[in-house]
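# Structural description and commentary
Read off the chains here:
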Amino acid sequence: MDYRGVDLVEVPAAVNAQLADYFSHRAPEVAALGSSFEKSVSYLEQFVLGGGKRIRPLYGWAGFVGGGGLEKSEEDPQSVLRAVSALEFIQACALIHDDIIDASDTRRGKPTVHRAAEDEHRKCEFLGSSPAFGEHAAILIGDLALVWADDMWRSSGVSHAALDRATEPWQGMRTEVIGGQLLDIMLEAEGSESVEAANTVNRYKTAAYTIERPLHLGAALAGAAEDVTEAFRGYGRDIGMAFQLRDDMLGVFGDSAVTGKPAGDDLREGKRTVLYASALKLLDEANPGHAEKLRAGIGAVKSPDAVRELADIIAGSGAVEAVEEEIDRLTASGLAHLDAVNLSDEVADILRTLAMKSTARRS
C-alpha cells in the first residue's frame, strides 16, 4: 500500500491482511487453551475474514490522512492501519450479538455464528440443547471479539501520546454502540412508534460507530486541528444517519443477494425504524385500516406473502419518499461540513465518494 496517498481500493485489502496477521499472532495462545477454544476462535476468524466492506477502518484511515497524519505526525502508517483495523473486531462483536438478538439465520449469505455453532453441536451429538449451545458459544465469541479489539488497538504500535489523544473517542464509541443496541431492543419491547426515538437509535447504534467515531479516531491519532476534527464528526454524524436510513430501506425492500439476509427481515424481527414510524404516522391520517395492519403485523409476520403485504402497505404510505428526502438532506448536510475546512482535494474526494457509496440506492 502506498501510504503517501489515499487509495480507496487498497485499504480494505490492507485491513484484511492486518486482521489475518493478528489471528496468526494469537494462534499459539489459542492453541494452548485446547481444541474446543480453537474451534470457537475459528468461527470468529471465518466471520471476520469472510466478508465485510471494512468501512470503519476505511473511515479511520481517512480521518488519519485527512487530519494531516502522513505529513505532520510521527506515527508509523503501518501501525495506524493496524490500529484502525481493530474496529473490525468491534463490528464482529456487534453483528454476532445482534444476530442472536434478532434470531437471524444468515449473515452475508452464510449461517450466523450461533447457527454454525448450533449445527456443530447437533452434528457431534453433544449433550444438551443445540440451540442453547449455539447462542451461548456465540455470546462468548462476540465477547472475545470485543476483548481482541482493545488488544489489537493497544498493541498496534502507535505512540502512547496518540493513544491518549484517542482515548475519548475510543471509549465513547464502544459505549455508544452498546447503548444504541440496548435502546433498539427497548423500542421493540415498548412497541415504540416514535420517529425521534428511532433516530436516537440510528445516531448511536450506527452513525457514531460506523462513520463519526472512526473519523474521530483517525483524526485523533494524527493530532488533527480541532476544526478538522469537528468537520469530520459533523460529516460522520449526518452521513452515518443517512447510511442507517438506507439500511432501513434495504431491510424492507432490499434484494437478499445485496443484503445477505432474507427480504423483509426487519418486518419479521419487529424493528422500530424511522421508515416504520414514518409510515404509521402517515397512515394514521390517511388510511387507519392499513395502519392497524402494520401495527399488528410488525414482528409477527412469518410467511413471504404476509411480509410482502406489509412492505406494500409501507410503500403506499408515502414513507419511502419521506425517508428518501431525509437521506438526501442528511447527505447534503454531511458534505457541507467538508466545505467548511481546508482539506486536500484527494481527501475531500475520497470522503465524498464514501458518502455516495454509503447512501446510494442498492435495491
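Above: the structure in question.
Residues numbered from 1 in each chain as written. Predicted model: local features only at pLDDT ≥ 70, side-chain atom pairs only at ≥ 80, totals over all residues. Heavy atoms only, no water.

## Description of the nonpolar core
Membership of the largest hydrophobic core comes to 76 residues, with the highest contact counts inside it found for Leu44, Phe89, Leu221, Tyr235 and Leu351. The contact partners of leucine 221, leaving out residues within four places of it in the chain, are Phe64, Glu75, Val80, Ala83, Val84, Trp153, Val158, Ala162, Arg165 and Ala166. Counting residues in each nonpolar core, the second largest holds 28 residues, with Ala242, Val252, Leu310 and Ile313 among its members. (Core = buried A, V, L, I, M, F, W, Y, C linked by side-chain atoms within 4.5 Å. Buried < 20%, exposed > 50% of the residue type's maximum accessible area, 1.4 Å probe, protein only. Contact = heavy atoms within 4.5 Å.)

## Regarding the environment of alanine 224
Note on placement: alanine 224 falls in the loop between helix H11 (195-222) and helix H12 (226-253). On the basis of relative accessibility, which here comes to 16%, the residue alanine 224 falls in the buried class. A sequence separation of 158 residues divides alanine 224 from glycine 66, and the C-alpha atoms of the two residues are 8.2 Å apart. Residues within four places of alanine 224 in sequence aside, it is in contact with Gly67, Ala219 and Thr229. (Helix = DSSP H or I, 4+ residues; strand = E, 2+ residues; numbered from the N terminus.)

## What to know about helix H2 (residues 35-49)
Over its 15 residues, H2 runs 20 Å from end to end, which matches the ideal 21 Å to within 8%, given 1.5 Å per residue. Along H2, the residues that are buried comprise Val41, Ser42, Tyr43, Leu44, Phe47 and Val48. Buried residues along H2 sit against helix H1 (10-32), helix H6 (87-101), strand S1 (106-107), helix H7 (113-123) and helix H8 (130-154). (Expected span 1.5 Å × (residues − 1).)

## Concerning the packing of aromatic side chains
Think of a pair of aromatic rings as described by two things: how far the centres are apart, and how the planes are tilted against each other in angle. Enumeration according to the criterion identifies 8 aromatic pairs in this entry. Clustering of aromatic rings is evident, with ring pairs tying together Tyr22, Phe23, Phe89 and Trp148. Taking the ring centre of tyrosine 209 as reference, the NZ or CZ of arginine 56 above it sits at 4.5 Å. Here arginine 108 stacks its cationic end above the ring of phenylalanine 47, 4.8 Å away from the centre of that ring. (Phe/Tyr/Trp six-rings, centres within 6.5 Å; stacked < 30°, edge-to-face > 60°. Lys NZ or Arg CZ within 6 Å of the ring centre and 35° of its normal.)

## What about unusual backbone geometry?
For arginine 108, which is not glycine, the phi dihedral falls at a positive 55°. Here arginine 108 shows up in the loop between S1 and strand S2 (110-111). A residue is classified by how much of its surface remains accessible, and arginine 108, at 29% relative accessible area, is partly exposed. Of note in the backbone geometry, glutamate 125 takes a positive phi value of approximately 55° without being a glycine. For glutamate 125, the position within the fold is in the loop between H7 and H8. Owing to a relative accessible area of 70%, glutamate 125 belongs among the exposed residues under this scheme.

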